[in-house]
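Chain by chain, the residues:
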Amino acid sequence: MKTIRLAFVLLILGLGGLWLAADDILAVPLGFFSLRASLVYLTGILAIGAMSAGMILATRPVVVETRLGGLDKMYRLHKWLGIAALIFSVLHWGWAQVPKWLGPLGWFQRPARVPVAPETDPVLTLLRSLRGPAEGLGEWAFYAGVVLIALALIKRFPYRWFFKTHRLLAVVYLILAFHSVVLMKTAYWDEPVGMVSALLILAGSIAAVATLLGRVGSDRRAVG
């Protein structure tokens, strides 16, 4: 149990620490909207990081299973990561959406938008052009993910249905991975937090595709 607790804490605190080292939250005057922007990025990174790790564990990698102390321990960590992903996703959605609803009521004074210089990098230009679809798809994937993770945590939900619905999380994950890559703060990509996030998202995406293709454990089957 100590091993999976340590792995869980190291993942969350590690990603949080890397984000803090890359973000300017401590270097700029702190106002509501600057704080909101930073926390949107933080909760998003923690959410996709936890979901990526959970997706990787869903493929039951033998090396990780051995280091965590067995399949039961690995599944327990998978469950913790799912709960963490759910919590951070809700916080991410809340920081992104709630101020938009309260602004017209006069609760907040949105600062004037700073003009953005034209992007010259073709990759960043492409990512910027995809922001609209990434936001729209990400929001609907969030709603679907909340429902699917909630169903996975309800013990009375029939297993025969759980088996089918839980696999849909791989589709949700791929959409959220697209959302995360497109909307990640550009400055983060040159920092360790961006590099680690990219590796987690890449590995998680490979795991999601393997899950959808039914390749999980296909090379470790035995006839009984």
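Please refer to the structure placed before this passage.
Asks: What is the right way to read the pattern of salt bridges from this model?
Replies: A pair can form between side chains of opposite charge whenever their charged atoms are brought close. Following the criterion strictly, the structure yields three salt bridges and no others. A salt bridge links Asp23 to Lys185; the nearest nitrogen and oxygen atoms lie 3.8 Å apart. In this pair, Asp23 sits in the loop between α1 (2-22) and α2 (32-58) while Lys185 sits in the loop between α7 (159-183) and α8 (192-212), placing the two residues 162 residues apart along the sequence. On the basis of relative accessibility, which here comes to 9%, the residue Asp23 falls in the buried class. The partner of Lys73 in a salt bridge is Asp72, and the shortest N-O contact between them spans 3.5 Å. What emerges from the salt-bridge pattern is a single network uniting Asp23, Asp24 and Lys185.

Asks: Looking at this structure, I do not really get the packing of aromatic side chains. What am I missing?
Replies: How two aromatic rings sit relative to each other is set out by the distance from centre to centre and by the angle between their planes. The full count for this structure, using the stated rule, is six aromatic pairs. Taking 5.7 Å as the distance between ring centres and 15 degrees as the angle between the ring planes, the aromatic pair formed by Trp93 and Phe142 counts as stacked. One end of the pair, Trp93, is in helix α4 (residues 71-102); the other, Phe142, is in helix α6 (residues 131-153), and 49 residues separate them in sequence. Owing to a relative accessible area of 12%, Phe142 belongs among the buried residues under this scheme. A connected cluster of aromatic rings, assembled from ring pairs, spans Trp93, Trp140, Phe142 and Tyr143.

Asks: So what exactly am I meant to see when it comes to the packing of α2 against α4 here?
Replies: Two quantities define a packed helix pair, namely the angle between the helix axes and the distance between the axes. At a minimum axis distance of 8 Å, the contact between α2 and α4 shows a crossing angle of 155 degrees. On the basis of their axis angle, the class for α2 and α4 is roughly antiparallel. Judged by the twist between their axes, the crossing of α2 over α4 is left-handed. Here the contact of α2 with α4 is composed, by residue class, of 20 nonpolar, six polar and two charged.

Conventions adopted
Residues numbered from 1 in each chain as written. Predicted model: local features only at pLDDT ≥ 70, side-chain atom pairs only at ≥ 80, totals over all residues. Heavy atoms only, no water. Salt bridge = Lys/Arg side-chain N within 4 Å of Asp/Glu carboxyl O. Helix = DSSP H or I, 4+ residues; strand = E, 2+ residues; numbered from the N terminus. Buried < 20%, exposed > 50% of the residue type's maximum accessible area, 1.4 Å probe, protein only. Phe/Tyr/Trp six-rings, centres within 6.5 Å; stacked < 30°, edge-to-face > 60°. Axes fitted to C-alpha atoms, helices over the stretch in contact; angles between N-to-C directions. Parallel < 35°, antiparallel > 145°, perpendicular 65-115°, else oblique. Left-handed = near helix turned anticlockwise from the far one by under 90°. Nonpolar A, V, L, I, M, F, W, Y, C, P; charged D, E, K, R; others polar.

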